[in-house]
Amino acid sequence: MSFFDTAYSISTENHGILTAFEARENGISSKDLARWVKIGRFIKLGNGVYKSTQYPSSEEDPYAIAVAQCGRGAYLCGESVLGFLHLMPTSIDRIYVKIPRRLRRRLPEGYIVCTGERGYMPTSINGVMCEKPADAIRRCIGIHMGERLMQAAENAYRLGYMDKHDLDQLQKEISNG
């Protein structure tokens, strides 16, 4: 398998996105990445983040890009998880991302970044690291209307993102909320 085939294979698992870190881990040099950008196989999205021009765009791309641009260990949280999973309408103008440690790089406008809880284990959903949907809904209690959150919880259960116990627990918390 060629280096480009490896790069493309990695990117297809993450909405067409490849990070410089993933490339290095797989023996792909920064010169290869620069050459692929030059000939139009990848687009450079930001510091160490590339998108394959052969991978079709989708409405989930902004979420995947946000997590990639925030670096290793980053994951979607709160209402951004609900928007990403189509559990509730949210604004794409603000994407909430948690990171394991302080971030020094400059990010595009609209990313709201905060430090994650120590020891929290996010989950990969559709190729993007996310806060567990039940935790994301909990984070939104008191911020969004209870009726919307209740519908989001029911949608998450129906789509298999949480079990019956989580749904029952959330319904109590939202009702008390």
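Everything below is about the structure shown above.
These lines cover the structure that appears in this document, whether it is placed above or below. (Residues numbered from 1 in each chain as written. Predicted model: local features only at pLDDT ≥ 70, side-chain atom pairs only at ≥ 80, totals over all residues. Heavy atoms only, no water.)

Let's talk about the pairing of strand S3 (residues 49-52)
In regular strands, side chains alternate between the two faces of the sheet. Of the two faces of S3, the one lined by Val-49 and Lys-51 and the one lined by Tyr-50 and Ser-52 are each fully buried. One ladder, built from three bridges, connects strand S1 (residues 17-19) with S3; its direction is antiparallel. Each residue of the ladder has a partner; that of Ile-17, found in S3, is Lys-51. Sheet analysis places strand S2 (residues 42-46) next to S3, joined by four bridges and oriented antiparallel. Its bridge partner being in S3, Gly-46 is matched across the sheet by Val-49. (Buried < 20%, exposed > 50% of the residue type's maximum accessible area, 1.4 Å probe, protein only. Helix = DSSP H or I, 4+ residues; strand = E, 2+ residues; numbered from the N terminus. Pairing = 2+ DSSP bridges.)

Observations regarding unusual backbone geometry
Look at His-86: it is not a glycine, yet its phi comes out positive at around 60 degrees. Within the secondary structure layout, His-86 lies in the loop between helix H5 (79-84) and strand S5 (95-99). A positive phi is found at Asn-126, a non-glycine position, where the angle reads about 50 degrees.

Structural notes on the packing of aromatic side chains
Overall, the coordinates contain six aromatic pairs when judged by the stated rule. Measuring from ring centre to ring centre gives 5.4 Å for Phe-4 and Trp-36, while their planes differ by 75 degrees; the resulting arrangement is edge-to-face. With a gap of 32 residues between them, Phe-4 in helix H1 (residues 3-12) and Trp-36 in helix H3 (residues 30-38) connect regions that are remote in the sequence. Relative to Tyr-120, the ring of Tyr-75 has its centre 5.6 Å away and its plane inclined at 25 degrees; by these criteria the two rings are stacked. Highlighted residues: Tyr-75 in strand S4 (residues 75-76) and Tyr-120 in the loop between strand S6 (111-115) and strand S7 (123-125), separated in sequence by 45 residues. Across the ring face of Phe-4, the terminal group of Arg-41 is positioned such that the distance to the ring centre comes to 4.2 Å. Here the guanidinium or amino end of Lys-132 rests over the ring plane of Tyr-120, the centre of that ring lying 4.8 Å away. (Phe/Tyr/Trp six-rings, centres within 6.5 Å; stacked < 30°, edge-to-face > 60°. Lys NZ or Arg CZ within 6 Å of the ring centre and 35° of its normal.)

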